[in-house]
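Structural features, examined
Next come the chains, spelled out residue by residue.
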Amino acid sequence: MRRFFKVTLMAAATLASATSLSRAGDVEVLHWWTSGGEASALTVLKKDLETQGIGWQDMPVAGGGGTQAMTVLRARVTSGNAPTAVQMLGFDITDWAKEGALANLNDIASAEGWDAVVPEALQKFSKYDGQWVAAPVNVHSTNWVWANKALLEELGIAQPSTWDELVAAMEKVKAAGKTAVAHGGQPWQDATIFDAVAMSTGGPEFYKAAFVDLDPTALGSAQMKETFDRMSVIRSFVDDNFSGRDWNLASAMVINGDAAFQFMGDWAKGEFLNAGKKPGEDFLCFRFPGTQQQVTFNSDQFAMFKQGDAVSAEQAALAKAIMSPSFQSAFNVVKGSVPARVDVPDEAFDACGKQGMKDLAAASSSGNLFGSMAHGHANPASIKNAMYDVITAHFNGEYDSDTAVKEMVNAVSLAQ
Ligand code: GAL
């Protein structure tokens, strides 16, 4: 066993060094955008760089939400082969910056005026100790529902706007022999649903107290119990084969009309668009019932790993390209997200994208914008992963709701 472990580690290290031999003039980018919709969006970025003579060395690590990508990143850095640039979320950026691994992007940021156009909520993660360490490419949000329009019409289901309406709708779908909720049983996907259900059940004060402030009273509250109870209700509406399913395959179930709803961040829209589907005609996008005023966001940012003393010309060009307003429009139209800059017009965006931009601005000005727990924007990975464990154990029936609440309090306290 020990020997196997050692050999596996060595194989991983060899693979890591073999894949990192980047030529001068290239950027090697570690990312987890491997689904159809994500790959289409990535092509927009690759093409943009190509026009500037910068080559792209792809380092994709499959696995939604980036859990696996972050494990591979750690192995790469440990073996002295940090990639040039890395897709990263929220507190992961802060954690790497704390280790002194990230290049300082201040010169590009001040030349390009990032301070004036990137909202505070994102700057909190793009900067460490007052220095720019990452370039934000988008803003996603997790509290969305994606629905098959024809199926809802066929079953006479109106767009639900409350939890009770949602439950009634899911019951109708199930009774008709279809899958109500397309879901993939992976911890980050369970947590993505939990984000929306917690916000809907407990409201913004509860969400903030539990996931941002890690207040033990909120973590152990009646609202937390009710959130878990509602997760059990949702569990009763997923199909038998949900375990381990990738998120984009769950999106495909809604796209094909095998399932009615998916509760997922707006990267799901990229899958619908990639399949040639149109918002309002083929599919509906709406906020998870009970969270119409709130936005739980995550922002994909690119951090540049130090290759020498200063940021390299290629890293600087990549950061600049990512932040260009025309690129932010073109990329996010395909990706399903909205721009990370406040000065990008919404003209090129479809109805869901326009709503996303409007919701984000409204939530931000009304104090209803919160970093997503599921996507590393509410608390650091150590705590996020502790929460994942409890949420997934409960979703799979290992804990009842009362036990899950107690475990949540314990897990968070141990992880701090
Ligand atoms: C999120 C990320 C998105 C997305 C999704 C699924 O964490 O922010 O860009 O593609 O994971 O892989």
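Preceding this paragraph is the structure being described.
Let us look at the structure shown here.

Rules used in this analysis
- Residues numbered from 1 in each chain as written.
- Predicted model: local features only at pLDDT ≥ 70, side-chain atom pairs only at ≥ 80, totals over all residues.
- Heavy atoms only, no water.
- Helix = DSSP H or I, 4+ residues; strand = E, 2+ residues; numbered from the N terminus.
- Rg over C-alpha atoms; globule rule 2.2 N^0.38 Å.
- Buried < 20%, exposed > 50% of the residue type's maximum accessible area, 1.4 Å probe, protein only.
- Contact = heavy atoms within 4.5 Å.
- Areas by Shrake-Rupley, 256 points an atom, 1.4 Å probe, with all protein chains shown as cover.
- Lys, Arg positive; Asp, Glu negative; His and termini not counted.
- Charge placed at Lys NZ, Arg CZ, Asp CG, Glu CD.
- Near = heavy atom within 4 Å.
- Polar contact = N/O pair within 3.5 Å; in protein donor to acceptor, adjacent residues only side chain to side chain.
- Nonpolar A, V, L, I, M, F, W, Y, C, P; charged D, E, K, R; others polar.
- Domains from an automatic or database assignment.
- Expected span 1.5 Å × (residues − 1).
- Arc of directions from axis to C-beta.
- Pairing = 2+ DSSP bridges.
- Axes fitted to C-alpha atoms, helices over the stretch in contact; angles between N-to-C directions.
- Core = buried A, V, L, I, M, F, W, Y, C linked by side-chain atoms within 4.5 Å.
- Parallel < 35°, antiparallel > 145°, perpendicular 65-115°, else oblique.
- Left-handed = near helix turned anticlockwise from the far one by under 90°.

**Section: the overall build of the protein**
The number of helices and strands found in the protein is 19 helices and 14 strands. For 416 residues, the compact-globule estimate of 2.2 N^0.38 gives 22 Å, and the protein sits close to it at 21 Å. Out of the 416 residues belonging to the protein, those deemed buried represent 55%. At a minimum sequence separation of 6, the contacts of the protein that also span at least 24 residues come to 76%. Per element, the accessible surface of the protein, about 16600 Å² overall, is 52% carbon and sulfur. Between the mean site of the 32 positive side-chain charges and the mean site of the 47 negative ones, the protein shows a separation of 3 Å.

**As for the site of the ligand**
Residues in close proximity to the ligand total 14 residues, the closest being E38, N298, D300, K335 and H375. One of the side-chain nitrogen or oxygen atoms of W33 is found 2.9 Å away from an oxygen atom of the ligand. Here an oxygen atom of the ligand and a side-chain polar atom of D300 are 2.6 Å apart. Here the ligand has 310 Å² of accessible area as a free molecule, and 100% of this is covered by the chains. Looking at side-chain class alone, the shell around the ligand contains five nonpolar, six polar and three charged residues. Counting the residues that make up the shell around the ligand, at least three belong to each of domain 1 (2-141 + 299-366) and domain 2 (144-296 + 370-415).

**Quick look at helix α9 (residues 163-175)**
Owing to its 3.6 residues per turn, the α-helix brings residues three or four apart onto one side. In a regular helix each residue adds 1.5 Å, so 13 residues correspond to 18 Å; α9 covers 18 Å between its end C-alpha atoms and thus fits that length. Within α9 the residues assigned to the buried category are W163, L166, V167, A169, M170 and V173. Buried positions in α9, seen along its axis, are confined to an arc of 160 degrees and lie on one side of it. For α9, the exposed residues set more than 90 degrees away from the buried face come down to D164 and A175. Where α9 is buried, its residues contact β9 (179-181), α12 (222-235) and β10 (259-263). Residue G177 follows α9 closely and has a positive phi angle near 85 degrees.

**Here's the deal with helix α19 (residues 401-415)**
With 15 residues, α19 should cover 21 Å at 1.5 Å per step; its first-to-last C-alpha distance of 21 Å lies within 8% of that length. Among all positions in α19, only S401, A404, V405, M408, A411 and V412 are buried. Buried residues of α19 fall within an arc of 135 degrees about the axis and therefore sit on the same side. Facing away from the buried side of α19, by more than 90 degrees, are the exposed residues K406 and L414. Elements that come into contact with the buried residues of α19 comprise α10 (187-212), α11 (216-219), α12 and α18 (381-395).

**A look at the sheet that holds strand β2 (residues 55-60)**
Strand order in the open sheet formed by five strands is β2-β1-β3-β13-β6, and the pairing between neighbours is mixed. Either end of the sheet is taken by a strand with one partner, and the two such strands are β2 and β6 (134-136). Across the sheet, the mean angle from the axis of one strand to that of its neighbour is 30 degrees, orientation sign disregarded. Pairing of strand β1 (residues 26-31) with strand β3 (residues 85-89), which is carried by two bridges, proceeds in the parallel orientation. Looking at β3, one finds that V29 is bridged to A85. Sitting on the sheet, helix α2 (residues 36-50) touches β1, β2 and β13 (300-304), and the angle it makes with β2 is about 155 degrees. Contacts between helix α3 (residues 67-78) and the sheet are confined to β1, β2 and β3, with β3 contributing the most and set at about 135 degrees to the helix.

**Focus on the nonpolar core**
Of all hydrophobic cores here, the largest spans 74 residues; its most connected members are F211 and F261. The element contributing the most residues to this core is α10, with 13 residues. Core analysis: the second largest hydrophobic core is formed by 62 residues, L45, L49, M70 and F125 among them.

**Quick notes on the packing of α2 against helix α15 (residues 313-322)**
Between α2 and α15, whose axes approach to 10 Å, the crossing angle comes to 125 degrees. In this view, α2 runs oblique relative to α15, as classed from their interaxial angle. As for the relative orientation of α2 and α15, their crossing is right-handed in sense. Between α2 and α15, the residues in contact are L45, D48 and L49 and A317, L318, A321 and I322, respectively.

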